[in-house]
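Summary of structural features
As a plain string of letters, each chain reads:
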Amino acid sequence: MTGARAQGPAPAGPGPGPHAPPRRPARRTAGRRAPLPLLIPAAAGLAFLLLPLLALLVRAPWRSLPEQLTSAEVWQALRLSLVCATAATVLSLLIGVPLAWLLARTDFPGRGLVRALVTLPLVLPPVVGGVALLLAFGRNGVVGQWLDAWFGITLPFTTTGVVLAETFVAMPFLVISVEGTLRAADPRYEEAAMTLGASRFTAFRRVTLPLIAPGVAAGSVLAWARALGEFGATITFAGNFPGRTQTMPLAVYLALQNDPAAAVALSLVLLAVSIAVLAGLRDRWMTAS
Amino acid sequence: MPVRTRRSETEKDEEKDGADDDHDGHHGHHHGDGHHGRHGDDGDPHAREGGRSGMTAPGDAAPGPAPAPARGEGLDARLVVDRGAFRLDIALTAAPGEVVALLGPNGAGKTTALRALAGLVPLTDGHLRLDGTALDRTPPESRPVGVVFQDYLLFPHLSALDNVAFGPRCRGAGKAEARARAAEWLERMGLSEYAGVKPRRLSGGQAQRVALARALATRPRLLLLDEPLAALDARTRLEVRAQLRRHLARFEAVAVLVTHDPLDAMVLADRLIVVEHGRVVQEGAPSDIARHPRTDYIARLVGLNLYRGRAEGHTVRLEAGPAVTTTEDLTGPVFVAFPPGAVTLHRERPTGASARNLWRCEVAGLETHGDQIRADLTGELPLTADLTTVAAAELGLHPGTPVWAAVKAAQTHAYPA
């Protein structure tokens with residue numbers, strides 16, 4: 001966007017000429033032409049990101065769209081996606097926020113390593129995550145065999161499995177976001193609370209948590225969006241059973257092979273959800289600079 | 001720097017050593033004025049001045065049985081905290097109703113001492129007893145201690161009322177009771193109309209009072225104030241200082257405040273404990289400390305020229321070199337102090353200077369100081385002198401000018417080191 005603006009005529013100001021006096025040095029090189037070796041790749045990059053989305057809109061089966069979107073299968077997949085992503089976010093909050101607090105506020109041996117391990121799922125191919133989950137919680141998995149034998153609980157290829165797979169992939173986003181907010185928050189508020197008689201947990205609950213609420217919210221949205229789009233770990237660990245484990249991304253992939261128009265329609269829904277999320281976060285990130 | 005004693009040079013090396021410094025020999029024994037603590041109802045500042053004037057002179061500060069606070073009452077602490085290369089080691093006692101100020105330069109360890117009292121920093125060694133109860137191992141949330149933090153740390157998401165109610169609530173009061181108590185405190189601070197206001201909309205002075213109310217609402221037996229006025233601008237400061245003084249006068253338990261501002265310390269506290277490099281260097285009533293400084297830091301704070309030397313009758317041979325004639329008749333190690341205003345400067349050697357101390361000096365620097373000129377002198381005896389602008393002009397002073405500096409014996413003050 002910046003490139004395009006720099007190229008266009010400046011609507012106001014003392015002319016965009018190259019000899020514009022360098023009054024207050026602005027952070028952006030406003031009113032000056034961006035050099036071509038930067039401008040061309042920048043435009044290409046922008047186009048590369050936008051063209052596929054445009055293609056999606058151009059080729060969307062607008063006429064049959066209402067019909068596509070009201071089909072029972074779409075609704076089933078969409079509902080499952082929303083429910084699972086939300087459940088995964090809640091689970092991430094319950095175990096991820098305390099984990100973030102531990103990383104940000106306490107000092108224990110090997111904290112750096114723990115932090116690295118927490119962020120590992122961010123870079124791990126989701127399919128590998130799915131395989132790892134199977135080896136841990138599968139029916140013959142390290143933990144799964146005991147869950148099965150003692151409690152009769154089976155996790156893989158169930159809706160719960162979907163939630164677990166999504167949590168595995170999405171929680172690091174929440175942890176990193178909350179940890180960053182915690183580090184930026186003044187820990188002395190917790191001390192002030194303690195001198196007033198609050199236990200460390202009360203201080204966390206009544207002081208720290210409200211203070212970092214914006215960061216927690218942003219992290220939650222990020223985690224939720226990541227969970228909503230989860231594909232690799234889900235299909236590996238939970239399979240692809242309509243109504244039980246077939247979330248939107250899985251449905252899109254499947255539909256693309258049988259009914260491309262349906263795939264496009266489903267994709268449009270996910271695109272709309274993503275744009276809504278971005279709009280919800282715009283105050284936080286879009287105006288970051 | 002107007003004052004030259006050996007101290008500033010030696011101290012850096014001694015920072016980590018034990019209590020081997022002879023200046024410190026007296027510390028910890030001289031907390032006798034605990035009995036001047038004010039009681040309960042009295043908010044009259046003059047009553048406190050009266051209490052101060054009865055202070056012991058430093059000459060009487062020889063180690064002896066200190067009239068300690070009544071058994072079990074008040075604060076009795078020795079705080080030792082190791083922080084890497086820095087070691088804090090101070091003794092601190094105070095009677096109920098007494099306001100003690102820890103005064104010292106930045107980095108002296110005052111705030112660390114306060115945090116140790118609050119339990120936010122563990123003691124490496126020493127002890128901490130409050131009203132006869134050992135608190136060394138008590139976690140901060142269980143100590144009967146209230147803290148007013150330097151920038152107040154009011155919880156930004158809570159209203160003024162809920163900030164004050166936070167403490168009572170955590171200490172077991174029901175929601176309604178806690179809020180009623182908080183409302184009472186806000187009223188006492190004259191802030192009732194701000195009960196529903198969030199901290200960011202309070203002025204500095206108001207925030208300070210809310211912070212004080214919040215700390216007092218838990219009915220602490222020890223009130224700690226960390227630079228309570230530092231966050232305020234000059235005009236607010238004057239007003240808030242007076243208010244704080246009234247509230248402290250009404251407070252019936254021990255109050256310890258930390259400040260690097262001598263004026264705050266002298267106005268607010270009954271007793272000063274001067275801390276430098278993690279150690280107590282002087283302790284006593286504000287007026288006493290102002291008259292008889294024992295370190296460069298304090299002398300600078302109260303604006304005196306200070307020297308160490310050895311007295312033989314009316315003559316004191318200074319460590320800095322020359323001798324000073326004084327009116328006091330003393331023997332042994334002493335301090336000699338005189339104000340910059342007592343120094344007169346001459347271009348020619350003055351004649352008939354019988355009872356005068358006279359030194360050859362050279363102007364090192366000049367600066368305006370109020371409506372006067374303050375001259376920094378080097379030479380036989382480094383000192384500062386205050387003179388009127390007219391006098392400075394007549395003498396034609398500028399850096400490098402050789403001058404004679406004279407001080408009458410009657411205007412010097414010698415006291416045992």
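These remarks concern the structure in this document. Predicted model only: the values in this text are computed from it and were never measured.

This paragraph deals with the overall build of chain B. A tally of helices and strands in chain B yields 11 helices and 18 strands. The burial tally for chain B puts 54% of its 417 residues in the buried class. Long-range contacts, defined here as pairs at least 24 residues apart, represent 68% of the contacts in chain B between residues at least 6 apart.

What follows deals with the sheet that holds strand 11 (residues 305–318) of chain B. Residue and element names in this part refer to chain B. Sheet architecture is open: 3 strands sit in the order 11-12-18, paired in antiparallel fashion. At either end of the open sheet lies a strand with only one pairing partner, and these are strand 11 and strand 18 (413–416). This sheet shows a mean twist of 40° between the axes of neighbouring strands, independent of strand direction. Taken together, the 4 bridges between strand 12 (residues 323–338) and strand 18 define a ladder with antiparallel strand orientation. Along strand 18, the bridge assignment pairs Ala337 with His413.

Interface extent is often summarised as the accessible area lost during association of the parts. Facing 18 residues of chain A, the contacting portion of chain B comprises 22 residues. Summed over the three residues of chain A that lose the most area to chain B, namely A:Thr195, A:Leu196 and A:Arg206, the buried surface amounts to 39% of that side. The interface formed by chain A and chain B includes 2 salt bridges. Across the salt bridge formed by A:Arg188 and B:Asp151, the nearest N and O atoms sit 2.9 Å from each other. The tally of links from chain A across to chain B stands at 4 residue pairs in polar contact (both at pLDDT 80 or more). For the side of chain A that touches chain B, the element with the most residues is helix 9 (residues 188–195) of chain A, which contributes 7 residues.

This next bit is on the nonpolar core. B:Val148, B:Val164, B:Val210, B:Leu212, B:Leu223, B:Leu225 and B:Leu248 are the most contacted members of the largest nonpolar core, which has 47 residues in total. Residues contacting B:Leu212, with those up to four places away along its chain left out, are B:Val148, B:Met189, B:Leu223, B:Leu225, B:Leu244 and B:His247.

Attention now goes to the packing of helix 4 (residues 72–105) of chain A against helix 10 (residues 200–228) of chain A. A packed helix pair is summarised by two numbers, namely the angle formed by the two axes and the spacing between the axes. Residue and element names in this part refer to chain A. It is at 8 Å that the axes of helix 4 and helix 10 come closest, and there the two elements cross at 135°. As far as their axial angle goes, helix 10 and helix 4 are oblique. The handedness of the crossing between helix 4 and helix 10 comes out as right-handed. Along its contact with helix 4, which presents Ser81, Leu82, Ala85, Thr86, Ala88, Thr89, Leu93, Val97, Trp101 and Arg105, the element helix 10 presents Arg200, Phe204, Leu209, Val216, Ser220, Ala223, Trp224, Ala227 and Leu228. Each residue belonging to the contact of helix 4 with helix 10 can be placed in one class, and the counts come to 13 nonpolar, 4 polar and 2 charged.

This brings us to the packing of aromatic side chains. Counted under the stated rule, the structure contains 10 aromatic pairs over all chains. Ring centres of A:Trp101 and A:Phe204 lie 6.2 Å apart, and the angle between their planes is 70°; on these two criteria the pair is classed as edge-to-face. Pair noted here: A:Trp101 is in helix 4 and A:Phe204 is in helix 10, with a separation of 103 residues, a long-range link. Here A:Phe204 falls in the buried class, since its relative accessible area comes to 12%. Measuring from centroid to centroid gives 6.4 Å for A:Tyr189 and B:Phe155, while their planes differ by 50°, and the two rings are tilted. Residue A:Tyr189 is found in helix 9, and its partner B:Phe155 is found in the loop between strand 6 (145–148) and helix 4 (160–170); the two belong to separate chains.

Residue and element names in this part refer to chain B. Extensive coverage of strand 3 (residues 99–103) is indicated by the burial of 5 of its 5 residues. Judged by which residues are buried, strand 3 turns out to be covered on both faces: Val99, Ala101 and Leu103 on one side and Val100 and Leu102 on the other are all buried. Alignment of strand 3 against strand 8 (residues 254–259), held across 5 bridges, turns out to be parallel. Within the sheet, the bridge partner assigned to Leu103 lies in strand 8 and is Thr259. Inspection of the sheet shows strand 3 paired to strand 9 (residues 271–276) by 4 bridges, in the parallel sense. Residue Ala101 lies in a different strand from strand 9, and its bridge partner there is Leu272.

Before going further, it helps to spend a moment on helix 3 (residues 110–118) of chain B. Counting buried residues along helix 3 of chain B, 7 of its 9 residues qualify, which places the element largely inside the surrounding structure. Positioned one or two residues after helix 3 of chain B, B:Gly119 has a phi angle of 90°, which is positive.

Reading guide: rules and limits
- Residues numbered from 1 in each chain as written.
- Chains lettered and ligands numbered in written order.
- Predicted model: local features only at pLDDT ≥ 70, side-chain atom pairs only at ≥ 80, totals over all residues.
- Heavy atoms only, no water.
- Helix = DSSP H or I, 4+ residues; strand = E, 2+ residues; numbered from the N terminus.
- Buried < 20%, exposed > 50% of the residue type's maximum accessible area, 1.4 Å probe, protein only.
- Contact = heavy atoms within 4.5 Å.
- Pairing = 2+ DSSP bridges.
- Axes fitted to C-alpha atoms, helices over the stretch in contact; angles between N-to-C directions.
- Buried area = accessible area lost by both parts, 1.4 Å probe.
- Salt bridge = Lys/Arg side-chain N within 4 Å of Asp/Glu carboxyl O.
- Polar contact = N/O pair within 3.5 Å; in protein donor to acceptor, adjacent residues only side chain to side chain.
- Core = buried A, V, L, I, M, F, W, Y, C linked by side-chain atoms within 4.5 Å.
- Parallel < 35°, antiparallel > 145°, perpendicular 65-115°, else oblique.
- Left-handed = near helix turned anticlockwise from the far one by under 90°.
- Nonpolar A, V, L, I, M, F, W, Y, C, P; charged D, E, K, R; others polar.
- Phe/Tyr/Trp six-rings, centres within 6.5 Å; stacked < 30°, edge-to-face > 60°.

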